[in-house]
Amino acid sequence: ETGVTQTPRHLVMGMTNKKSLKCEQHLGHNAMYWYKQSAKKPLELMFVYNFKEQTENNSVPSRFSPECPNSSHLFLHLHTLQPEDSALYLCASSQGISGGGSTDTQYFGPGTRLTVL
Amino acid sequence: AQSVTQLGSHVSVSEGALVLLRCNYSSSVPPYLFWYVQYPNQGLQLLLKYTTGATLVKGINGFEAEFKKSETSFHLTKPSAHMSDAAEYFCAVTLYNNNDMRFGAGTRLTVKP
């Protein structure tokens, strides 16, 4: 496989469930991202990992918990979600910001369509 | 912080007509600007980007964009629309040595036969 893959593509869960979203990149990148895409709203950056270190957490509720075990994999653990959390969750990867800096193009996966009942 | 504004949430053109999608940015330092396209049930695909150098940038599928610092704009154009161009288009901005990419709200392009 090439590029950025996400599983599952669709997920329906109740408010009391615990589930995880998985993202894998095959591009040799060192930075990975989670975004939330809701209808009629701009993409919201949720979390950023740069060289496996979390560098951004944009005031995301604690019911979303990211995990980055290595530079190729990124997870988003979900528990006790609310109906307003229903959205398309996109994962992206990029070369990553090192001491030399970069103009970092992000490459996106197809997303997981999450529905919270 | 940097930001982008996309003017027009919906644009409709006829097949063969000019496509113009507008994007204005706000940044206190030189920005890096991107256009992404999203087809239904897919993620975002990079169309083109501006970092430094030539202000007219050519991308995939016949699209191009011009960076105009004086107008703080980065509008996307295509001379002749094709039915397959129907999608949602996102303008985005980031800064040098910065992971934080900010996206516009998107413009949905419809192409009429």
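Report on the accompanying structure. (Residues numbered from 1 in each chain as written. Chains lettered and ligands numbered in written order. Predicted model: local features only at pLDDT ≥ 70, side-chain atom pairs only at ≥ 80, totals over all residues. Heavy atoms only, no water.)

**A few points about unusual backbone geometry**
Right, so step 1: A cis geometry characterises the amide bond from A:Thr7 onward to A:Pro8, with omega recorded as -10 degrees.
Right, so step 2: On the secondary structure map, A:Pro8 appears in the loop between strand 1 (4-7) and strand 2 (10-13).
Right, so step 3: Residue A:Thr80 is not a glycine yet carries a positive backbone phi of 50 degrees.
Right, so step 4: One non-glycine residue, B:Asn61, lies in the positive phi region at around 60 degrees.
Right, so step 5: Mapped onto the secondary structure, B:Asn61 falls in the loop between strand 6 (56-58) and strand 7 (64-68).
Right, so step 6: On the basis of relative accessible area, B:Asn61 is assigned to the partly exposed category, the value being 40%. (Helix = DSSP H or I, 4+ residues; strand = E, 2+ residues; numbered from the N terminus. Buried < 20%, exposed > 50% of the residue type's maximum accessible area, 1.4 Å probe, protein only.)

**With respect to the packing of aromatic side chains**
Residue and element names in this part refer to chain B.
Right, so step 1: Within this structure, the stated rule accounts for 11 aromatic pairs over all chains.
Right, so step 2: Centroid distance Tyr50 to Phe67: 4.4 Å. Interplanar angle 20 degrees. Geometry classified as stacked. Placement of Tyr50 in strand 5 (residues 44-50) and of Phe67 in strand 7 is noted, with a sequence separation of 17 residues between them.
Right, so step 3: Its relative accessible area of 11% is what places Phe67 among the buried residues. (Phe/Tyr/Trp six-rings, centres within 6.5 Å; stacked < 30°, edge-to-face > 60°.)

**Let's talk about the environment of B:Gly43**
Right, so step 1: Among the structural elements, B:Gly43 can be located in the loop between strand 4 (32-38) and strand 5.
Right, so step 2: Residues B:Gly43 and B:His75 lie 32 residues apart in sequence; the distance between their C-alpha atoms is 22 Å.
Right, so step 3: Apart from residues lying up to four places away in sequence, B:Gly43 is in contact with A:Leu90, A:Phe108, A:Gly109, A:Pro110, B:Val37 and B:Gln38. (Contact = heavy atoms within 4.5 Å.)

**Digging into the sheet that holds strand 1 of chain A**
Residue and element names in this part refer to chain A.
Right, so step 1: Read from one edge of the open sheet, four strands run 1-3-8-7, paired in antiparallel fashion. One side of each edge strand has no neighbouring strand; the edge strands of this open sheet are strand 1 and strand 7 (64-70). This sheet shows a mean twist of 20 degrees between the axes of neighbouring strands, independent of strand direction.
Right, so step 2: Both strand 3 (residues 18-25) and strand 8 (residues 73-79) contribute to a ladder of seven bridges, which runs antiparallel. Each residue of the ladder has a partner; that of Leu21, found in strand 8, is Leu76. (Pairing = 2+ DSSP bridges. Axes fitted to C-alpha atoms, helices over the stretch in contact; angles between N-to-C directions.)

**A short note on the nonpolar core**
Right, so step 1: Residues B:Trp35, B:Leu47, B:Leu48, B:Phe74, B:Leu76 and B:Tyr89 are the most contacted members of the largest nonpolar core, which totals 27 residues.
Right, so step 2: Counting residues per element, the ones that place at least two in this core are strand 2 (10-14), strand 3 (19-26), strand 4, strand 5, strand 7, strand 8 (73-78), strand 9 (87-94) and strand 11 (107-112) of chain B.
Right, so step 3: What B:Tyr89 contacts, discounting residues up to four positions off in sequence, is B:Gln6, B:Leu21, B:Trp35, B:Tyr36, B:Val37, B:Leu47, B:Phe63, B:Leu76, B:Gly106, B:Thr107 and B:Leu109.
Right, so step 4: Core analysis: the second largest hydrophobic core is formed by 22 residues, A:Val4, A:Cys23, A:Cys68 and A:Leu76 among them. (Core = buried A, V, L, I, M, F, W, Y, C linked by side-chain atoms within 4.5 Å.)

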